[in-house]
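# Descriptive analysis of the structure
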Amino acid sequence: MQQLLVLEQVHKRYGSVKVTDDLSLALAPGEALGIIGPNGAGKSTLFNLIAGGVAADSGRISFQGEDVTREPVFKRCQRGIGRSHQIPHPFVKMTVFENLLVGATFGAGQSEKDSYAWCAHILELTGLMKKANAPAGSLTLLERKRLEMARALATRPQLLLLDEIAGGLTEPECLELVGTIQGIHRSGTAIIWIEHIVHALLAVVSRLAVINFGRKLDEGEPNAVMANPKVQEIYMGIGS
Ligand SMILES: Nc1ncnc2c1ncn2[C@@H]1O[C@H](COP(=O)(O)OP(=O)(O)OP(=O)(O)O)[C@@H](O)[C@H]1O
């Protein structure tokens, strides 16, 4: 089976700091991969490299068998790479529905007419239907996180990149969000999820990769990775 996403020996540095160091990674269609690592390890940069916000210094990134290494964000979005950001930045004066329409039309290049039914479906999927006509600026943190995910889903991604979507939520809110992400994954969307809240991550992903100083420290079955003494040493406290 062809992999959905492949990174081969990707490097990125800012000045003298190696932020992504010889990183290789592959994801199958529909798979859910979790990424953990300490602050500053290069996790968000990895998403920027995959989504196209940052250009790799060297290495190759391919999506659905095509080389996308030098493609801009909008092209990769149209190919099916959707991304949520660590800090939600919705268009606060627009309604929730309008925010999704922006993702579907400007992000994925769909016509506005074709996008209505899809955006309504995404509102259902992400539990935001009741807030469809509310200004995004009026949402709670959990709702903003949902909107961040919904905007990415509005672009009809094959691959959804979730960057610390559970951060700052209460435990019940976190569990609610996990249920939604499980539903998105069941619908066939591949997911890469960066998260510090490991128990939330492990409820969704079937594989875990650990990034440290821009390098992949370990990768594999989540429980085996968490049991790795090197992972425990570096990430003590993360799993508790
Ligand atoms: N545009 C940039 N210019 C210079 N340095 C940067 C830039 N973006 C990120 N960095 C640096 O690269 C390193 C990795 O940052 P990155 O945000 O990818 O880490 P992270 O693992 O996502 O961290 P966190 O868990 O805190 O979000 C950090 O030292 C950061 O300061």
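From a predicted model like this one, the values you see are computed outputs, not experimental measurements. (Residues numbered from 1 in each chain as written. Predicted model: local features only at pLDDT ≥ 70, side-chain atom pairs only at ≥ 80, totals over all residues. Heavy atoms only, no water.)

Positionally, D218 belongs in strand β10 (residues 215-220). Although D218 is buried, it forms no salt bridge, and the closest oppositely charged side chain is K216 at an N-O distance of 8.5 Å. D218 has contacts with L208, A209, V210, V225, N228 and V231, leaving out every residue within four places of it along the chain. (Helix = DSSP H or I, 4+ residues; strand = E, 2+ residues; numbered from the N terminus. Buried < 20%, exposed > 50% of the residue type's maximum accessible area, 1.4 Å probe, protein only. Lys, Arg positive; Asp, Glu negative; His and termini not counted. Salt bridge = Lys/Arg side-chain N within 4 Å of Asp/Glu carboxyl O. Contact = heavy atoms within 4.5 Å.)

Moving on, we come to the domain arrangement of the chain. Structurally, the chain comprises domain 1 (1-80 + 157-240) and domain 2 (89-155). Tallying the contact residues gives 17 residues for domain 1 and 13 residues for domain 2. Across the domain 1-domain 2 interface, the total number found is one salt bridge. At the surface where domain 1 touches domain 2, the tally comes to five residue pairs in polar contact (both at pLDDT 80 or more). (Domains from an automatic or database assignment. Polar contact = N/O pair within 3.5 Å; in protein donor to acceptor, adjacent residues only side chain to side chain.)

Right, let's get into the pairing of strand β3 (residues 32-36). Within β3, five of the five residues are buried, which leaves it mostly tucked inside the rest of the structure. Every second residue of β3 is oriented toward a common face, with A32, G34 and I36 on one face and L33 and I35 on the other, all of them buried. Where β3 meets strand β9 (residues 207-212), four bridges bridge the pair, whose relative direction is parallel. Counterpart to G34 in the pairing with β9 is L208. (Pairing = 2+ DSSP bridges.)

Okay, the site of the ligand next. In the vicinity of the ligand lie 13 residues, with G40, G42, K43, S44 and T45 positioned nearest. G42 places a main-chain nitrogen or oxygen 2.9 Å from an oxygen atom of the ligand. With respect to the ligand, the side chain of Q86 contributes an N or O atom lying 3.4 Å from an oxygen atom. Ranked by the residues each element gives to the shell around the ligand, the list is headed by helix α1 (residues 43-51), at three residues. For the shell around the ligand, a count of residues per class yields four nonpolar, seven polar and two charged. (Near = heavy atom within 4 Å. Nonpolar A, V, L, I, M, F, W, Y, C, P; charged D, E, K, R; others polar.)

Pairing within the open sheet is mixed, and its six strands lie in the order β6-β7-β8-β3-β9-β10. For this open sheet the edge positions go to β6 (81-83) and β10, each flanked by a neighbour on one side alone. Shown here is a sheet whose adjacent strand axes are inclined to one another by a mean of 20°, direction ignored. Pairing of β6 with strand β7 (residues 159-163) involves three bridges; the strand directions are parallel. Following the sheet pairing, I81 is matched in β7 by L159. Against the sheet, helix α6 (residues 171-186) touches β3, β7 and β8 (190-194), its axis set at about 150° to β8. (Axes fitted to C-alpha atoms, helices over the stretch in contact; angles between N-to-C directions.)

L100, M149, L160, L162, I181, I191 and W193 are the most contacted members of the largest nonpolar core, which totals 44 residues. Broken down by element, this core gets its largest block of residues, seven residues, from helix α5 (residues 141-154). Residue-level mapping places this core at the junction of two domains, with at least three residues from each of domain 1 (1-80 + 157-240) and domain 2 (89-155). Residues A41, F47, I81 and I194 belong to the second largest nonpolar core, which totals 28 residues. (Core = buried A, V, L, I, M, F, W, Y, C linked by side-chain atoms within 4.5 Å.)

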